[in-house]
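# Tertiary structure, described
Each chain, letter by letter, is given below.
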Amino acid sequence: MESTQKIDWITLAVMLFCYLLWASGTTFIYEFSPLLGFVIVTLMITLHSSLQHEVLHGHPLPNQKMSELLVYPAVGLLIPYERFKDTHLKHHYDPKLTDPYEDPETNYLDPKVWSELPKPIQSVLLINNTLLARILIGPLISMIYFIKSDIRNYKNGQKRILISWIHHFVGILLVFLWLINWGQIPILLYCVSAYLGLGLLKIRTFLEHRAHEHPRGRTVVINDRGFFAFLFLNNNFHLVHHMHPGVSWYKLPKLFDHNKEQFLERNEGYAYTSYFEIFRKYAFRRKDPVPHPLWEKKP
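In short, a report on the structure.

Conventions and cut-offs
Each chain has its residues counted from 1, running along the sequence as written. The predicted origin of the model limits local features to residues at a pLDDT of at least 70 and limits the giving and counting of side-chain atom pairs to 80 or more, whereas totals for whole chains, interfaces and linings rest on all residues. Only hydrogens and water are set aside when side-chain values are computed; all heavy atoms of the structure are taken into account. Each Phe, Tyr or Trp ring, with Trp reduced to its six-membered ring, pairs with another whose centre is within 6.5 Å; inter-plane angles below 30 degrees give stacked pairs, above 60 give edge-to-face pairs, and intermediate values give tilted ones. Each helix is a run of H or I in the DSSP string that is no shorter than four residues. Each strand is a run of E no shorter than two, and both are numbered from the N terminus. Whether a residue is buried, partly exposed or exposed follows from its accessible area with a 1.4 Å probe, protein chains only, as a fraction of its type maximum: under 20%, in between, or over 50%, in that order. Here, a charge over a ring is recorded when the distance from Lys NZ or Arg CZ to the ring centre is within 6 Å and its angle to the ring normal is within 35 degrees. Note on definitions: a residue-residue contact is assigned when non-hydrogen atoms from the two residues lie within 4.5 Å. Patches draw on residues past 30% relative accessible area with no salt bridge. Two like charges within 9 Å are joined, as are two nonpolar side chains (Val, Leu, Ile, Met, Phe, Trp, Tyr) within 5 Å. Here, Shrake-Rupley sampling with a 1.4 Å probe gives the accessible areas, and only protein chains in the shown set may cover a residue. Whenever a carboxyl oxygen of Asp or Glu lies within 4 Å of a side-chain nitrogen of Lys or Arg, that contact is scored as a salt bridge.

Once that is clear, we can look at the packing of aromatic side chains. For the structure shown, the criterion picks out 19 aromatic pairs. Ring centres of Tyr101 and Trp295 lie 5.9 Å apart, and the angle between their planes is 50°; on these two criteria the pair is classed as tilted. Taken together, the positions of Tyr101 in the loop between α5 (81-91) and α6 (111-115) and Trp295 in the segment after α16 (275-282) put the pair 194 residues apart, joining distant regions of the chain. Tyr101 gets classed as partly exposed once you look at its relative accessible area, which sits at 48%. When its relative accessible area of 17% is taken as the criterion, Trp295 is described as buried. For the pair Phe230 and Trp249, a centre-to-centre distance of 6.2 Å together with 70° between the ring planes defines the contact as edge-to-face. One end of the pair, Phe230, is in helix α12 (residues 227-231); the other, Trp249, is in the loop between α13 (238-243) and α14 (252-258), with 19 residues separating them in the sequence. Directly above the ring of Tyr154 sits Lys159, whose terminal nitrogen or CZ lies 4.3 Å from the centroid.

Before going further, it helps to examine the environment of Ile166. Relative to the helices and strands, Ile166 resides in helix α10 (residues 160-181). Spatially, the C-alpha atom of Ile166 lies 32 Å from that of Leu207, the residues being 41 residues apart in sequence.

Next up on the list: α5. Taking burial as the measure, the 11 residues of α5 include 8 buried ones, the bulk of the element. In this structure, the buried residues of α5 make contact with α3 (34-56), α4 (64-70), α9 (138-155), α10 and α13.

Our next topic: a nonpolar patch on the surface. On the surface, a nonpolar cluster with roughly 660 Å² of combined accessible area is contributed by Tyr154, Leu162, Ile163, Ile166, Val170, Leu173, Leu174 and Leu177. Here the nonpolar patch gets 7 residues from one element, more than from any other, and that element is α10. Its location among the elements puts Val170 in helix α10. Accessibility expressed as a relative area gives 38% for Val170, which makes it partly exposed.

This is the structure:
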C-alpha cells in the first residue's frame, strides 16, 4: 500500500530505541544483571507490539511494505503480525464493536454459548475478567481462542492464514538466531518474557470497549500521560484513535485536549483518569460479565 504521508521520524526513533534496548537487554545488560535484562526485554516486547500497531495503521514510512519489514522480527513470539493486522482492522469497524461474533478482539461471549460452557471453564473466564488475572492468565486464554479461531477459519477456506503463520515462524527464527549467536538470556526465559510482554499488553486492552447500546459509547478514554501511556503509544486515548486511526500516536493526547468535551460527550463519559485508577478498581474485581449483557439472540 502506497501513501502520500511523510516519513514519521518520531516513530522511527522509537523503533530504533526499542530494538537497541531489546538487543542490549538480551546481551550485555542481562549479563550484568539478569533481572534488569529480563525486565527490559519484557517491556521492549510490549513496546514492539505497540509499534506493530502503528505500522498496520500506516506508519512510519510512506510505503506500507517497507514499514512492515521494520517490525518483521517476531520479538513477541506469540502473535503473527499479519494475523494481528487482519483481525485488528476488522475490529475497527465500530458498529460491530463488542459483537461476540464480528469483533475479533472482544472478550464478550454470546450468552447462549456462555450458558453451555462447563462450570470450570466459566470460573476461569470469570477470574480472567479481573485485571490481575488478565495479565497472568489472559495471554494463555487468548492464545487458545486465537489459534482455535485461525484453525477453524483456515478450514473454512481462509488460506491466507497459513501464509501469515509461515511468515511469523520466519520472524521467530530471526529472533532465535540472534539469541543463539549473541544473546545471553536463556531461550526459555525469553519465552517467559514474551508471555509477560503480552500480559502487560492486556492492561491496555482490559477495558478499551464496553457493552453499550450505541457504538459511539463503546470506546474508552484513559487520560494517562505516564509510563504505560508511552509503553502503549498513547493507545489509551482509544476513542480518539478509533475516530482518527491514521493519526500518529504522539498526536493523540493533544487532539484529545483540544476536543475533550466533544470526545467525552460522544462516548457518554466512558473515561478514566489513569491506569492507577484502573488498577485500584479492578485488580481483583471484575469490571464486566463474560456473557454480553446487551446481546439479543439472533434467529
